[in-house]
Amino acid sequence: MKTQINVCINGQERTDEVESRLLLIHYLREVVGLKGPHIGCETSICGACTVALNGKTVKSCALLAVQADGQDIVTVEGLATDGQLHPVQEAFWNEHGLQCGFCTPGMLMTTRELIERNPDPTDEEIRHGLEGNLCRCTGYQHIVNAVKSAAAKVGG
Amino acid sequence: MIPQEFNYSRPGTVQEAVDLLADHDAKVLAGGMSLIPLMKLRLSAPEHVVDLGRIPDLSRITENEGSLHLGALLTHHQVATSALVQEKCPLIAETAAHIGDAQVRNMGTLGGSAAHADPAADYPAALCALEAKVRLVRKDSERVVDIGDFFVDALTTAVEPEEIITELILPVEEAGTGVSYQKLRQPASGFAIVGVAARIRRDGGRIAMARVGVTGLAASAYRAAGVEALLEGSEGSQADVAGASAAVDEGIEAISDLHASSDYRRHVARVYTARAILAAL
Ligand SMILES: Cc1cc2nc3c(=O)[nH]c(=O)nc-3n(C[C@H](O)[C@H](O)[C@H](O)COP(=O)(O)OP(=O)(O)OC[C@H]3O[C@@H](n4cnc5c(N)ncnc54)[C@H](O)[C@@H]3O)c2cc1C
Ligand code: FES
Ligand code: FES
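Rules of the game
- Residues numbered from 1 in each chain as written.
- Chains lettered and ligands numbered in written order.
- Predicted model: local features only at pLDDT ≥ 70, side-chain atom pairs only at ≥ 80, totals over all residues.
- Heavy atoms only, no water.
- Near = heavy atom within 4 Å.
- Polar contact = N/O pair within 3.5 Å; in protein donor to acceptor, adjacent residues only side chain to side chain.
- Areas by Shrake-Rupley, 256 points an atom, 1.4 Å probe, with all protein chains shown as cover.
- Helix = DSSP H or I, 4+ residues; strand = E, 2+ residues; numbered from the N terminus.
- Nonpolar A, V, L, I, M, F, W, Y, C, P; charged D, E, K, R; others polar.
- Contact = heavy atoms within 4.5 Å.
- Buried area = accessible area lost by both parts, 1.4 Å probe.
- Salt bridge = Lys/Arg side-chain N within 4 Å of Asp/Glu carboxyl O.

1. Some remarks on the site of ligand 1
Residues and elements named next belong to chain B.
So, step 1. For ligand 1, the set of nearby residues contains 30 residues, the closest of which are V28, G32, L35, T109 and D122.
So, step 2. The contact in question runs from a nitrogen atom of ligand 1 to an N or O atom on the side chain of D122, over 2.7 Å.
So, step 3. In the complex, the protein chains occlude 95% of the 980 Å² of accessible area that ligand 1 would expose alone.
So, step 4. Residue assignment for the shell around ligand 1 shows that the elements contributing at least two residues are strand 2 (26-29), helix 7 (110-116) and strand 10 (164-171).
So, step 5. Take the shell around ligand 1: its biggest share by element is 4 residues, from helix 7.
So, step 6. A per-class count over the shell around ligand 1 returns 14 nonpolar, 13 polar and 3 charged.

2. Details of the side chain of S234 of chain B
So, step 1. Within the secondary structure, S234 of chain B is located in the loop between helix 10 (225-231) and helix 11 (238-245).
So, step 2. Not counting residues within four places of it along the chain, the set of residues in contact with S234 of chain B comprises G205, R206, I207 and D240 of chain B.

3. Some thoughts on the interface of chain B and chain A
So, step 1. The interface is formed by 31 residues belonging to chain B together with 32 residues belonging to chain A.
So, step 2. Between chain B and chain A lies a buried interface of about 2600 Å² when both sides are counted; carbon and sulfur atoms form 52% of it.
So, step 3. Looking at the side of chain B facing chain A, the largest losses of area belong to Y8, Q103 and N106 of chain B, adding up to 22% of the total buried there.
So, step 4. At the surface where chain B touches chain A, the tally comes to 4 salt bridges.
So, step 5. A salt bridge links K59 of chain A to D101 of chain B; the nearest nitrogen and oxygen atoms lie 2.7 Å apart.
So, step 6. Linking chain B to chain A there are 19 residue pairs in polar contact (both at pLDDT 80 or more).
So, step 7. Counting residues per element, the ones that place at least two in the side of chain B that touches chain A are strand 1 (7-9), helix 2 (35-40) and helix 6 (102-107) of chain B.

Set out below in structure tokens:
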């Protein structure tokens with residue numbers, strides 16, 4: 001069964017006919033062509049596929065594209081504006097919050113919401129807030145530093 | 001990892017939703033945090049999916065004559081962060097904050113967690129300790145089920161296929177009642193190996209009311225009546241709490257899986273029961 005969906009992705013309106021069983025991550029990567037959201041586990045654990053749906057971070061491998069009908073989606077591609085990195089991206093860059101970068105799109109999206117909800121998080125709150133995002137490289141310490149730096153930048 | 005094909009409907013009202021359920025062999029979709037993973041694994045392959053995600057009536061929080069009514073579609077994040085819920089029923093807010101991770105709390109819902117009845121889910125412990133009531137609506141009628149009759153077995157509840165949960169009804173906590181939810185978290189998934197919810201009210205140096213709900217230990221969450229009976233009337237000393245907590249697994253068939261053996265789970269249940277009671281006192 002095909003359903004028509006209207007979505008706004010990174011500020012651009014689109015209409016597509018999709019199968020009701022199409023996962024949001026497959027829609028974004030294969031139909032829209034946005035390869036920023038990654039598929040790490042496909043089992044809703046790793047968070048590499050994290051995007052913002054109406055401002056809330058979600059794992060796009062655990063959503064159907066039809067659930068996003070009429071909604072606003074932001075992927076990692078939508079973070080930078082006019083060639084200017086988003087403060088969260090800048091902080092990950094400056095603090096070496098990544099190595100291979102596979103987890104990074106998800107980390108950035110989750111961090112954006114984390115510091116929006118808690119502008120001055122402690123280390124423990126950052127680790128709790130990032131529980132849904134796994135990183136195989138960094139050992140997390142540089143990511144925690146990056147989140148702190150991003151929070152300071154956005155707050156200050 | 002792609003679900004089997006299905007027909008999809010997205011009703012705008014409860015009435016439309018229950019009409020669809022009456023006419024189709026359909027499965028309800030709420031936050032999808034349990035159902036979609038199961039559909040991807042094809043452990044669940046519904047022919048028709050009825051998405052409740054756009055029914056505004058199901059996300060209400062209202063207070064009425066000593067009860068708090070929480071709409072089934074409230075996300076874990078909404079329950080955890082609502083000022084009204086934190087004030088009137090702090091146990092359910094505290095429990096919600098313990099579930100999964102930030103992304104799961106943004107999508108997963110109270111009604112969905114109750115309906116799914118995972119033996120390791122967090123909410124069921126709190127719902128038992130709160131003696132919650134569940135409102136179930138179908139095409140031409142509705143009923144309210146006590147939580148004691150709601151959880152039937154692992155992944156099995158009193159909800160009939162043509163029914164939906166519209167709300168959970170919880171008591172507004174009386175002044176002087178302490179609450180706590182203590183959980184041993186499975187590090188990879190975040191689910192509870194064992195989780196214990198406690199509500200304790202003291203009166204004149206003695207425990208006047210004790211309610212203890214347990215998840216993770218048995219196939220379904222339950223109220224530890226033995227613990228409650230030993231606590232009520234006691235002074236709530238360390239020794240009283242230790243003695244009462246030892247009764248948490250009385251008559252319970254403890255589950256065993258690759259994360260924890262049944263003996264280990266029993267031990268953890270006693271320890272976490274004592275912790276939850278002491279934190280609530
Ligand atoms: C990575 C991950 C980690 C998690 N960690 C935890 C954890 O630590 N603790 C925990 O408790 N849970 C955890 N969960 C599960 C999560 O809490 C789910 O959100 C919850 O179990 C289901 O709620 P849902 O709204 O997503 O329901 P869905 O997945 O949409 O539905 C689940 C089931 O309930 C039925 N249903 C849903 N809503 C209704 C309704 N209103 N009336 C009748 N039937 C209904 C559906 O038909 C389906 O059978 C985790 C999930 C994931 C993916
Ligand atoms: S790919 Fe979605 S959580 Fe891992
Ligand atoms: S930087 Fe490689 S997985 Fe995180």
